[in-house]
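# Results of the structural survey
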Amino acid sequence: MSEPLNPDQPPTRARPSGAGSGELEASRRTIEPIPPGAVPVMEADHISKGFGATTALVDVSLKAYSGRILALLGDNGAGKSTLIKILSGVFPPDGGTLRFNGQDVVLRNPAEARERGIATVFQDLAVCELLSVTRNIVLGREPQKGFGPFKFLDLKKADAMARSALHQLGVRWERGLDEKGINISGGERQSLAIARAMFFGSSLLILDEPTSALAVRQAGKVLDHILTARDQGQAVILITHNFRHALSVADDITVLAQGRVAGHFRRDETDLDALTDLVARVG
Amino acid sequence: MTNEPASGVARTVPSRRIVYGEALRRFMLRPESTAIAAVLILFVVFTILSPALFPTKLTYISIMAIASELGILSIGVTLLMIGGHFDLSVGAVLGLTSYVCVVLMRDFGLSPVIAAPVAVAVGALLGGLNGYVVVRFRIHSFVVTLGTMLIWRGVLIALTGGFPMTVDIPVVFKNVMSGPLIFGFRMSMVWFFAITLLATILLTRSRLGNWIQARGQNENAARNLGVPVDRVTIILFVLTSALAAVAGIIQVARFSSVDALRGEGMELQAVAVTVIGGTLLSGGYGSVVGTMLGAITFGMIQVGLVLAGAPGHFFRTLTGVIVVGAVILNTDVARRMARSKPLGGFKRSSAAADAAIQAGAAAEKGEAG
């Protein structure tokens, strides 16, 4: 991460095939087509949702595959957040089906989604500000020791879990694990949340605007960690309105506009101009 | 506390002055520092005001009797406040559960060994009701418990007819709850210290404690990570009211009676004690040990003013001054200290510093909004 950064250009992982020199460096030049017969980790099939008189989503379909990043692009009000709330079990769709690993599922609540391995990282909900890094990472799944009613936090084990979670995602954590959430930068919070989700066995990562409100350098680090997650076999749905970020890491791009799918592309089939045009036209 | 500077020493050994300075700076950042300062200052002031009467064992015993009862009640309120809630009904719950305890012994002839646990169970039930309403209807706990405070107080006045009720309590039970110890202190002090210790372990060394802090800091993040925040809320209310009942039983053992106004005003005293103890009003951070010291502060004011011959109403005024002073120290001064640089070669990270910064940020947000 020491190379100079172009403000508009997120840094990319050093990959043999990805060492191109385009205007916008992409994580990998050629994108393999989805192998025939591959089962998407998550498939939304003709989903629709309305709130009273307003229609939020109409006939939206998408597929997220293991080891691929699907970027969900769209302006404010395009229906992105409604869609991720459906995918993470916050509320059910009015019509259409969700399929998880090829099977129809009904997600009754966020806990059920989480148990199936669907981890949603919300932009501003990543950390508790006065808990340590360790306590934040193990929150909700704290290791305990003792027996019967006399159970205590196993703080040593918790530290080990936190360390290996961060290590797994390649997050370099140079400060202590007792650092409080308030001293963790926005980018580090996102990375920490991704590390936490993967460590506890997610197979689908839904990331809600992970790079908005971040400085360029931090955004680059977060994108880097998203690529690592993908390489370790996570299916990633990346919600963003930053076209450049989407184009630099995504394998597939779905554009939402006014609650409908306005277009679906493989990353190498489109470019910044085409996407900008599309959104300007339909949004 | 004592070995903290030593562990933070960097490669070069700082001078003794810097070590002491940094130790002082860190002490000031602890949530308990205000309460310790209050205890020390009040001790000196009251000793000067009544040198013959104040620094005596009898005085300490009276202070601890008051502090123990209020402190046990306040520990529940502290945990609840760290979890991000308020409970204004604890005073009324204390009164009503005391009534239950007295009636079971007097009118039903039950042994206190049965009556006391039943009273605690009734307290837990009343707390559970508070928690259920807060969770089910998503109403702010301040409003819910304001309502239940009025309801339970009304019920208690109706049941007692406004008259005090006395009861004969077996000496053994009296002694176990509030009797004199070998050194003359009351048993209630032992319960107080034991509950302080247990609550501290719960808060800092248990999963539930982690969840309580997370609930108070970022409810949505906690929920999103699978923390059963609603269950945590209900447990906290149950615990708070059960501890109110314990305090009530100790008072019943001490006075052998209950009256319609038992516990009235203690809900606000508990908030004052908690705040003096360094717990953030906004939740998420606090100290049970601080609350213990806050309760002792309270006891000192109450006893010290009587000994100094001050008029009765002075008590409220002085308490008010100390509460406001404590809040200023705990937020404003601590925030400035937290932003100040650690003295040469020490590490920055400190829970109290972070809390002070966050409290300041919350206050600024409040002013802006």
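Residues numbered from 1 in each chain as written. Chains lettered and ligands numbered in written order. Predicted model: local features only at pLDDT ≥ 70, side-chain atom pairs only at ≥ 80, totals over all residues. Heavy atoms only, no water.

Scanning chain A from N- to C-terminus turns up eight helices and twelve strands. Long-range pairs, those at least 24 residues apart, make up 67% of the contacts in chain A with a sequence separation of at least 6. (Helix = DSSP H or I, 4+ residues; strand = E, 2+ residues; numbered from the N terminus. Contact = heavy atoms within 4.5 Å.)

Glancing now at the packing of helix α9 (residues 187-205) of chain B against helix α12 (residues 229-255) of chain B. Residue and element names in this part refer to chain B. Axis separation between α9 and α12 bottoms out at 11 Å; the angle between their running directions is 170°. The angle between α9 and α12 falls in the class roughly antiparallel. Here Ser188, Trp191, Ile195 and Leu202 of α9 come into contact with α12, specifically with Leu239, Leu243, Val246 and Ile250. In terms of residue class, the contact of α9 with α12 is made up of seven nonpolar, one polar and no charged. (Axes fitted to C-alpha atoms, helices over the stretch in contact; angles between N-to-C directions. Parallel < 35°, antiparallel > 145°, perpendicular 65-115°, else oblique. Nonpolar A, V, L, I, M, F, W, Y, C, P; charged D, E, K, R; others polar.)

Residues and elements named next belong to chain A. Across the sheet, four strands lie side by side as β2-β1-β4-β5; this open sheet has antiparallel pairing. Each of the sheet's edge strands pairs with one partner strand only, and the pair in question is β2 (54-64) and β5 (103-105). On average, each strand axis in the sheet is tilted by 30° relative to the strand beside it, whichever way the strands run. Bridge count between strand β4 (residues 95-100) and β5: three bridges; the pairing is antiparallel. Residue pairing across strands places Arg99 opposite Asp104, the latter belonging to β5. (Pairing = 2+ DSSP bridges.)

Residues and elements named next belong to chain A. Taken domain by domain, chain A consists of domain 1 (36-117 + 202-282) and domain 2 (131-200). Placing the centre of domain 1 and that of domain 2 at their C-alpha centroids yields a distance of 27 Å. Facing 14 residues of domain 1, the contacting portion of domain 2 comprises 14 residues. In total, domain 1 and domain 2 occlude about 1100 Å² of area from one another, counting both sides; carbon and sulfur atoms represent 60% of this. Looking only at domain 1, the three residues that lose the most surface to domain 2 are Ser202, His225 and Gln232, adding up to 40% of its buried area. Linking domain 1 with domain 2 are zero salt bridges. Contributing elements (two or more residues each) for the side of domain 1 that touches domain 2: β9 (204-208) and α6 (216-231). Considering every element that reaches the side of domain 1 that touches domain 2, the biggest residue donor is α6, with six residues. (Domains from an automatic or database assignment. Buried area = accessible area lost by both parts, 1.4 Å probe. Salt bridge = Lys/Arg side-chain N within 4 Å of Asp/Glu carboxyl O.)

Another aspect to go through is helix α10 (residues 207-217) of chain B. All names here are of chain B. Counting buried residues along α10, nine of its eleven residues qualify, which places the element largely inside the surrounding structure. Here α10 has its buried residues at Gly209, Asn210, Trp211, Ile212, Gln213, Ala214, Arg215, Gly216 and Gln217. For α10, the side-chain oxygen to backbone nitrogen distance between the N-cap and Leu208 is 3.4 Å, and the N-cap itself is Ser206. (Buried < 20%, exposed > 50% of the residue type's maximum accessible area, 1.4 Å probe, protein only. Polar contact = N/O pair within 3.5 Å; in protein donor to acceptor, adjacent residues only side chain to side chain.)

On to the sheet that holds strand β12 (residues 260-266) of chain A, then. Residue and element names in this part refer to chain A. Taken together, six strands build an open sheet; the order of strands is β6-β9-β10-β3-β11-β12 and the sheet is mixed. Only two strands of the sheet have a single partner each, and these edge strands are β6 (118-121) and β12. Taking the axes of each pair of neighbouring strands and ignoring which way they run, one obtains an average angle of 15° across the sheet. The sheet contact formed by β9 and strand β10 (residues 235-240) spans five bridges and is parallel. Residue pairing for β10: Asp208 is matched across the bridge by Ile239. Helix α1 (residues 80-87) contacts β3 (69-73), β6, β9, β10 and β11 (252-257) of the sheet and is inclined by roughly 150° relative to β10.

Let us look at the side chain of Arg114 of chain A. Checked against the element boundaries, Arg114 of chain A lands in helix α2 (residues 110-116). This buried residue, Arg114 of chain A, is left without a salt bridge; Glu115 of chain A holds the nearest opposite charge, at 5.8 Å. Side-chain polar atoms of Arg114 of chain A contact the backbone oxygen of Asn224 of chain B, separated by 2.9 Å. Non-local contacts of Arg114 of chain A, meaning those with residues more than four positions away in its chain, are made with Arg141 of chain A together with Arg223, Asn224, Leu225 and Gly226 of chain B. (Lys, Arg positive; Asp, Glu negative; His and termini not counted.)

A few words on the confidence of the model for chain B. Residue and element names in this part refer to chain B. Per-residue confidence for chain B averages 88 on the pLDDT scale, and 87% of its residues sit at or above 70. Note that residues 1-10 has pLDDT below 50 and, in this model, 13 contacts with residues that lie over four places away or in other chains. Among the prediction metrics, the complex's ipTM stands at 0.81, with pTM recorded as 0.85. (pLDDT = per-residue confidence, 0-100.)

In this section: a nonpolar patch on the surface. On the surface, Phe147, Phe150 and Phe152 of chain A together with Leu197 and Ile201 of chain B cluster together into a nonpolar patch covering about 540 Å² of accessible area. Breaking the nonpolar patch down by element, the ones donating at least two residues are β8 (150-153) of chain A together with α9 of chain B. Mapped onto the secondary structure, Phe147 of chain A falls in strand β7 (residues 144-147). (Patch = residues over 30% accessible without salt bridge, like charges linked within 9 Å, V, L, I, M, F, W, Y side chains within 5 Å. Areas by Shrake-Rupley, 256 points an atom, 1.4 Å probe, with all protein chains shown as cover.)

Our focus in this paragraph is the pairing of β10 of chain A. Residues and elements named next belong to chain A. The element β10 is extensively covered by neighbouring structure, given that six of its six residues are classed as buried. Alternating positions in β10 separate into two faces, Ala235, Ile237 and Ile239 on one and Val236, Leu238 and Thr240 on the other, with burial throughout. A crossover links β9 with its parallel partner β10, the connecting element being α6, and its sense is right-handed. (Right-handed = clockwise from strand over helix to strand, strands pointing away.)

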